[in-house]
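# Reading the structure
Spelled out from the first residue to the last, the chains are:
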Amino acid sequence: EAGVAQSPRYKIIEKRQSVAFWCNPISGHATLYWYQQILGQGPKLLIQFQNNGVVDDSQLPKDRFSAERLKGVDSTLKIQPAKLEDSAVYLCASSLVIAGTGNEQFFGPGTRLTVL
Amino acid sequence: KQEVTQIPAALSVPEGENLVLNCSFTDSAIYNLQWFRQDPGKGLTSLLLIQSSQREQTSGRLNASLDKSSGRSTLYIAASQPGDSATYLCAVAVGFQKLVFGTGTRLLVSP
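Quick look at the structure, then. Every chain's residues receive numbers from 1 upward, in the order its sequence appears when written. Ligands are numbered from 1 and chains lettered from A, in the order in which they are written. Where local features are concerned, this predicted model is filtered to residues with pLDDT of at least 70; where side-chain atom pairs are given and counted, the filter is 80 or more; whole-chain, interface and lining totals use all residues. Processing note: side-chain calculations cover all non-hydrogen atoms of the structure and skip hydrogens and water entirely.

Residues and elements named next belong to chain A. A helix here means a DSSP run of H or I that spans at least four residues, while a strand means a run of E at least two residues long, and both kinds are numbered starting from the N terminus. By secondary structure assignment, the location of glutamine 59 is in the loop between strand S6 (53-56) and strand S7 (65-68). The class for glutamine 59 is partly exposed, based on a relative accessible area of 32%. For glutamine 59, the side chain forms a polar contact with the main-chain oxygen of leucine 45, separated by 3.5 Å. Whether a residue is buried, partly exposed or exposed follows from its accessible area with a 1.4 Å probe, protein chains only, as a fraction of its type maximum: under 20%, in between, or over 50%, in that order. Two N or O atoms form a polar contact when they lie within 3.5 Å of each other; inside protein one atom must be a possible hydrogen donor and the other a possible acceptor, and for residues adjacent in sequence the pair counts only when both atoms belong to side chains.

This is the structure:
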């Protein structure tokens, strides 16, 4: 079974530029998550989708970050314009939906963003 | 607001030692608790998942326990090996089953 795919793996941009990340979850996984991991910290949830609907985006900086999952499969996360503090690893994860239990999340390799 | 704390922040042991990593959380209303491993520059690998109704899970040399009432979990690694060197992250699933992570324990096992 293929895992969660992310691209690009690395990205370096100047501040105020825009950038987009792509994620393809495990086949059949209805729930998709984007996390931000700043160096030395644990990942922080930015947005959670179930199919193509947003479940939780309470920690997404909506003035500069946007995400979509139009067909309920792959997803893109965009930052426009980028700030220095956006330098981080952006992780995508996916999980099945199983009623009544906690679902195991599977993570992709991440995209390391450096903003200069 | 759920907060997850991991102690110690870093740990260095000689090969062969048994060791315990600690995780505590402030709100016992969780769906599950997961332990992950993260190698430098890599994503997260799930090690063990304990449902809220369970007390422990085992996989090979790893054993994780969960005490929901006291807000604690431990990850026990038996007979540590240099290949176990990595950062270990604890996360609890809350709300819509989003994960709240601790800051991790950086483990170094020397030969």
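We are not done yet, so read on.
A word on the pattern of salt bridges. Residues and elements named next belong to chain B. A side-chain nitrogen of Lys or Arg and a carboxyl oxygen of Asp or Glu constitute a salt bridge if their distance falls within 4 Å. This model, assessed by the stated rule, comprises 5 salt bridges over all chains. One salt bridge connects aspartate 84 with arginine 61, and the closest N-O pair in it is separated by 2.8 Å. One end of the pair, aspartate 84, is in the loop between strand S8 (72-77) and strand S9 (86-94); the other, arginine 61, is in the loop between strand S6 (56-59) and strand S7 (62-67), with 23 residues separating them in the sequence.

Moving on, we come to the packing of aromatic side chains. Side-chain rings of Phe, Tyr and Trp, where Trp is taken by its six-membered ring, are said to pair if the distance between their centres is within 6.5 Å; with planes under 30 degrees apart they count as stacked, over 60 as edge-to-face, and otherwise as tilted. In total, this model carries 8 aromatic pairs over all chains according to the counting rule given. Look at A:Phe107 and B:Phe36: their rings are 5.3 Å apart centre to centre, the planes differ by 85 degrees, and that puts the pair in the edge-to-face class. Remark: B:Phe36 occurs in strand S4 (residues 32-38) and A:Phe107 occurs in strand S10 (residues 106-107); the pair is interchain, linking two chains. For B:Phe36, a relative accessible area of 0% translates into the label buried. Grouping aromatic residues by their ring pairs yields a cluster made of A:Tyr33, A:Tyr35, A:Phe107, B:Phe36 and B:Phe101.

Moving on: the layout of surface pockets. A cavity here means a set of 1 Å grid points, computed over protein atoms only, where a 1.4 Å probe fits but cannot escape. A pocket is an open set with protein on both sides within 12 Å along at least 5 of 7 lines, and lining residues have an atom within 4 Å of a point. Grid points are joined across faces, edges and corners, and a volume is the space filled by probe spheres set on the points. Quantified by volume, the largest pocket comes out at close to 610 Å³. Along the wall of the largest pocket there are 29 residues; nearest its centre are A:Gln37, A:Ile38, A:Leu39, A:Gly40 and B:Gln38. Sorting the residues of the lining of the largest pocket by element identifies strand S9 (88-95) and strand S11 (111-115) of chain A together with S9 and strand S11 (105-110) of chain B as the ones contributing at least two each. Looking at the lining of the largest pocket element by element, the count peaks at 4 residues for S11(A). Along the lines of polarity and charge, the residues of the lining of the largest pocket split into 11 nonpolar, 13 polar and 5 charged. Reported here for the second largest pocket is a volume of approximately 460 Å³. What lines the second largest pocket is a set of 19 residues, and nearest its centre among them are A:Lys44, B:Lys1, B:Gln2, B:Val100 and B:Phe101. Listing elements by their share of the lining of the second largest pocket, those giving two or more residues are strand S5 (44-50) of chain A together with strand S10 (98-101) of chain B. For this scheme, ten residues count as nonpolar: Ala, Val, Leu, Ile, Met, Phe, Trp, Tyr, Cys and Pro. Four count as charged, namely Asp, Glu, Lys and Arg, and the remainder, Gly too, count as polar. Its residues assigned to classes, the lining of the second largest pocket comprises 8 nonpolar, 7 polar and 4 charged.

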